[in-house]
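A closer look at the structure
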Amino acid sequence: MIKYLEKNNFNELVKEGYHLVDFYAEWCGPCKMMGPVLESIEDKIDIIKIDVDKFPDLAQEYRVMSIPDLMIFKDGEKILESVGFQSKEDLEEVINNFV
């Protein structure tokens, strides 16, 4: 399932289990390209999309310098980060290795 962060409840959303977090922006071309890729894997892991323009403090807290910035969280802790466009195959491999 893909969720869009709407309020400042990020820690609540990632506190249990595995989550793929996508820091993105509406104006970002590679971020738009990630959309179909994320939709194709949403049955494998919960996905939370965070618009860096709406939540700049959260982006700063996680030191997001470039987008898309994908992070995997396990029980509230970041365990992996990957910056830039990722293919479906690459994401599936990461999910299979870490989740």
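The preceding data block contains the structure.
This text gives an overview of the structure that appears in the document. Not measured: the values here are computed from a predicted model. (Residues numbered from 1 in each chain as written. Predicted model: local features only at pLDDT ≥ 70, side-chain atom pairs only at ≥ 80, totals over all residues. Heavy atoms only, no water.)

A few points about the nonpolar core
Defined as follows: We define a nonpolar core as any set of buried Ala, Val, Leu, Ile, Met, Phe, Trp, Tyr and Cys residues linked to one another through side-chain atoms lying within 4.5 Å. Relative accessibility decides the category of a residue: with a 1.4 Å probe and only protein chains considered, values under 20% of the type maximum give buried, values over 50% give exposed, and everything between is partly exposed. Counting from the N terminus, the helices are the DSSP runs of H or I reaching at least four residues and the strands are the DSSP runs of E reaching at least two. A contact between two residues is defined here by any heavy atoms of the two lying within 4.5 Å.
Among the nonpolar cores identified, the biggest contains 19 residues, and Phe 10, Val 21, Phe 23, Ile 50, Leu 58 and Tyr 62 are the most heavily contacted of them. For this core, the secondary-structure elements that each account for two or more residues are helix H1 (10–14), strand S2 (18–24), strand S3 (46–51), helix H3 (56–61) and strand S4 (69–74). It is S2 that provides the largest number of residues to this core, a total of 3 residues. If near-sequence neighbours (up to four positions away) are discounted, Leu 58 is found in contact with Leu 5, Phe 10, Phe 23 and Ile 50.

Section: the pairing of strand S5 (residues 77–83)
Look at any regular strand and the pattern is simple: side chains alternate between the two faces of the sheet. What counts, and what does not: By this definition, two strands are paired if DSSP reports at least two bridges between them.
With 6 bridges connecting them, S4 and S5 associate as antiparallel partners. Within S5, the position partnered with Leu 70 by the bridge is Ser 82. The loop that links S4 with its antiparallel partner S5 comprises 2 residues; one of these, Asp 75, has a positive phi angle of about 50°.

Structural notes on the side chain of Asp 51
For clarity, the cut-off: The charge count includes Lys and Arg as positive and Asp and Glu as negative, but it does not include His or the ends of the chains. Salt bridge, as used here, is a side-chain nitrogen of Lys or Arg placed within 4 Å of a carboxyl oxygen of Asp or Glu.
Inspection of the secondary structure assignment puts Asp 51 in strand S3. For the buried Asp 51, which has no salt bridge, the nearest side chain bearing the opposite charge is Lys 54, at an N-O separation of 4.6 Å. Residues contacting Asp 51, with those up to four places away along its chain left out, are Tyr 24, Ala 25 and Glu 26.

Brief notes about unusual backbone geometry
Omega for the bond connecting Ile 67 with Pro 68 falls within 30 degrees of zero, at 0°, which places this linkage in the cis form. Structurally, Pro 68 is set in the loop between H3 and S4. Positive phi, normally seen in glycine, also occurs at Arg 63, with a value near 55°.

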